[in-house]
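One-letter residues, chain by chain:
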Amino acid sequence: MEAHESVDFKRLMSEESTVSTLSSDSCEYYQTEIFDLLPSIQASRPEQNRHDFSEETNQGGREAREKSGQLSRGPRDKTSMQPLRNLPMCIQGKKGAKERRKLEINDINFWESWRKTQSTNRKRVREQIKEALSGLVPWRQTLRTIEGKFGVGVKSYFVFLRYLIYLNLLHCVLIGGFIVGPSIFYRTDEYEPLMFKDSDSALDFFLGTGYVNRSLVFYGFYTQGSLDLKCLNIPLLYLAGIFSIIFLSLILVVRRTTVGYKHTWMLGKRYSMNVSYKIFCGWDFTIQDPTAAALKHGFIRNDLKLFLEEQSFSLRAAQRTLGEKVRLYLLRIVLNLITLSLLGGAFYLIYFATQTSLKKENSGHHWLVSLLLQYFPPITITFVNLVLPHIFRKISSFEDYSFTMQVNATLLRSIFLKLASLGIYLFFVFTTTEQDAKCKENQFGREMYKLSIFNFLATFFSVFFFNYPRKLVQETYPRSSLARISGKQRFLIPFNVLDLVYSQTVSWVGVYYCPLLPVIGIVSLVVTFYVKKFNVMRCCVPEQRMFRGSSSSVLFHFMLLLGLFMCAATLGFNHYPLQSTEGRNASSCGPFRNEQTMFTVTGGCVKSLPSPAQTTIRYLTSEAFALPLILAEIILLTSYVSRRRANQRAIERLKDMLVMSSSDKRFLVKQHATMLRQRNKHH
């Protein structure tokens with residue numbers, strides 16, 4: 001301790017440090033000489049000598065060699081690219097670099113100088129616009145508050161919810177432009193006006209019957225109207241709107257999934273957080289608000305907890321013996337068999353509820369009993385989706401995965417449960433619906449409408465009639481047995497995300513039969529955001545174990561992609577019998593009435609086109625076009641695979657350069673210490 005107390009730290013502010021006698025050339029020569037002695041340069045020289053007469057065949061190798069060549073040339077090349085404050089040079093060297101830059105600018109002609117000035121101005125304008133638009137993003141401060149208190153995992157749920165709101169807004173614009181607007185504007189007088197009748201009641205808004213069944217909510221409202229051109233009519237616009245929704249949703253979800261996967265893949269390979277950087281350099285010294293400071297504390301704390309959790313699990317997994325691994329794999333097999341048994345029982349319950357709800361004998365009951373029977377399948381599906389994910393969560397805790405892997409395993413099992421239960425319910429509805437029904441599309445749309453309404457009501461009532469009273473009991477009577485049994489509430493991310501994926505899948509599946517489902521989805525999602533925010537901030541405590549949100553975010557969008565594929569499969573399954581029976585099962589309501597189907601309408605439009613256009617369309621839809629399409633896909637995939645391999649090699653080289661930079665820093669510190677010792681000896 002005495003030795004430490006005798007140390008006197010001084011800042012060099014003498015005239016020697018401010019006014020150097022070294023010239024610009026001598027300073028640069030000295031830096032170049034030191035640079036050639038760095039470990040990274042010494043390690044790269046044998047490789048360069050080995051490849052002097054060989055030719056690089058990939059882009060990644062060329063880029064890495066060019067970068068290493070730039071490094072070997074020293075600071076002369078750096079001064080023309082980097083800001084002066086970032087250059088590792090003395091003051092005199094920076095002054096010389098500044099003078100050389102001025103000379104280079106004077107040598108540039110007028111047009112080149114004007115072009116560079118305009119490019120700089122455009123970059124500044126883009127940055128200012130980007131900053132202004134980022135301030136208009138809704139719930140930005142709310143998300144920062146949630147991230148600071150509960151971690152990035154809970155924040156990823158709310159970001160995902162906001163993304164679904166944007167997606168449904170796009171759906172509403174497409175539906176309004178392609179379906180609702182033209183149907184209302186070109187509606188003829190032969191159809192009865194939309195009015196309340198004596199038989200209508202408030203229950204119609206819950207069951208989708210009566211006034212709601214006749215309104216523009218469902219498929220039967222949209223008629224052919226007065227717009228009756230061959231290639232511009234209500235049926236074709238209806239199809240264009242539905243396919244635009246599916247196609248744009250596919251593009252957006254796939255793009256979001258691939259971008260997130262690329263980010264996760266790059267971080268997953270040889271990634272480890274620099275703890276020293278997080279501790280000593282992670283603080284933002286521009287923060288002045290105490291609330292913002294508390295949030296920043298929360299960010300750093302949650303990152304460190306996540307890192308320590310992952311490191312602890314990796315160490316424990318590496319120390320497993322062969323016998324422990326065998327016992328663990330056997331245990332996982334048994335637990336997966338239990339999971340499959342639970343899924344089979346859940347599917348049978350859904351089948352029983354669907355058969356009970358669609359019986360004809362249910363029409364003579366009391367209105368309350370009839371309401372419960374109508375909602376019996378949604379209640380059963382909600383009950384199954386509420387209970388089984390908690391059982392899956394307990395099962396995953398016995399499988400000895402990391403916490404992030406436990407969350408992802410629970411997500412995969414639960415999303416299979418939700419999508420499979422929805423698919424089984426749709427199959428039973430399709431097969432049990434009477435073929436001679438007045439408007440079977442409206443009947444199917446009512447089922448999707450009831451699923452959406454009940455899912456929202458279940459979310460609302462679970463928060464205000466279960467979670468909030470439970471929190472009040474814990475605050476009012478903290479020592480009671482009921483408070484101890486219920487325990488502290490935590491925001492379970494897998495189950496809440498599954499609810500969002502399930503509701504969006506229902507919206508996609510039912511948008512053809514209930515075009516205003518995206519509007520209902522926007523209202524329910526906005527209300528759900530504030531309900532969940534109240535639940536998190538008021539009723540929940542932070543999770544003790546953190547997980548990385550980037551990988552789970554990719555899984556969120558992948559589950560959305562599965563829901564979109566289910567929507568496409570449902571539409572194909574519903575329209576395939578129409579094509580095979582040549583219109584005998586055509587709809588009696590909606591835009592495709594009077595023995596019209598999707599295939600007859602599109603076929604009539606193609607026949608009205610000129611002969612070259614018909615020939616082109618027939619060729620594009622024939623088997624002859626499949627061969628060049630497959631060849632083009634093979635070439636495109638081959639080029640992408642080659643680029644991926646080249647980029648992977650370049651990334652590995654850059655990672656090696658980052659590793660060597662730490663050796664360079666240690667070398668420079670030793671050189672500096674040696675120079676100080678020699679200087680002290682001379683004095």
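Residues numbered from 1 in each chain as written. Predicted model: local features only at pLDDT ≥ 70, side-chain atom pairs only at ≥ 80, totals over all residues. Heavy atoms only, no water.

A short note on the UniProt feature "transmembrane region" (unreviewed entry) in the chain
Mapped onto the present numbering, the UniProt feature "transmembrane region" (unreviewed entry) falls on residues 163-185, 234-254, 329-354, 411-430, 451-468, 510-531, 552-573 and 624-641. Secondary structure within residues 329-354 divides into 100% helix and 0% strand; the distance between the first and last C-alpha atoms comes to 38 Å. (UniProt positions renumbered as here; feature names shortened; annotations may be inferred. Helix = DSSP H or I, 4+ residues; strand = E, 2+ residues; numbered from the N terminus.)

Brief notes about the environment of Leu 227
Counting through the fold element by element, Leu 227 comes out in the loop between α12 (211-214) and α13 (234-268). When its relative accessible area of 12% is taken as the criterion, Leu 227 is described as buried. The residues contacting Leu 227, other than those within four sequence positions of it, are Tyr 186, Leu 232, Asn 233, Ile 234 and Leu 237. (Buried < 20%, exposed > 50% of the residue type's maximum accessible area, 1.4 Å probe, protein only. Contact = heavy atoms within 4.5 Å.)

Side note on the packing of aromatic side chains
Within this structure, the stated rule accounts for 23 aromatic pairs. Geometrically, the ring pair formed by Tyr 222 and Tyr 238 is tilted, given 5.9 Å between the ring centres and 55° between the ring planes. Here the residue Tyr 222 occupies a position in the loop between α12 and α13, and Tyr 238 occupies one in helix α13, the gap between them amounting to 16 residues. Just as Tyr 222 is buried, Tyr 238 falls in that class too. (Phe/Tyr/Trp six-rings, centres within 6.5 Å; stacked < 30°, edge-to-face > 60°.)

What to know about the environment of Gln 374
By the secondary structure assignment, Gln 374 is in helix α17 (residues 367-374). Classification of Gln 374 by relative accessible area gives partly exposed; the value is 29%. Sequence separation between Gln 374 and Leu 207 is 167 residues, and the spatial gap between their C-alpha atoms is 7.5 Å. Leave out the neighbours within four places in its chain, and Gln 374 touches Leu 207, Ser 357 and Lys 450.

Regarding the state of the cysteines
Per the counting criterion, the structure on display carries one disulfide. Summary of cysteine pairing: Cys 539 is not part of a disulfide, and the nearest cysteine sulfur, belonging to Cys 540, is at 6.2 Å. On the basis of relative accessibility, which here comes to 1%, the residue Cys 539 falls in the buried class. (Disulfide = S-S within 2.5 Å.)

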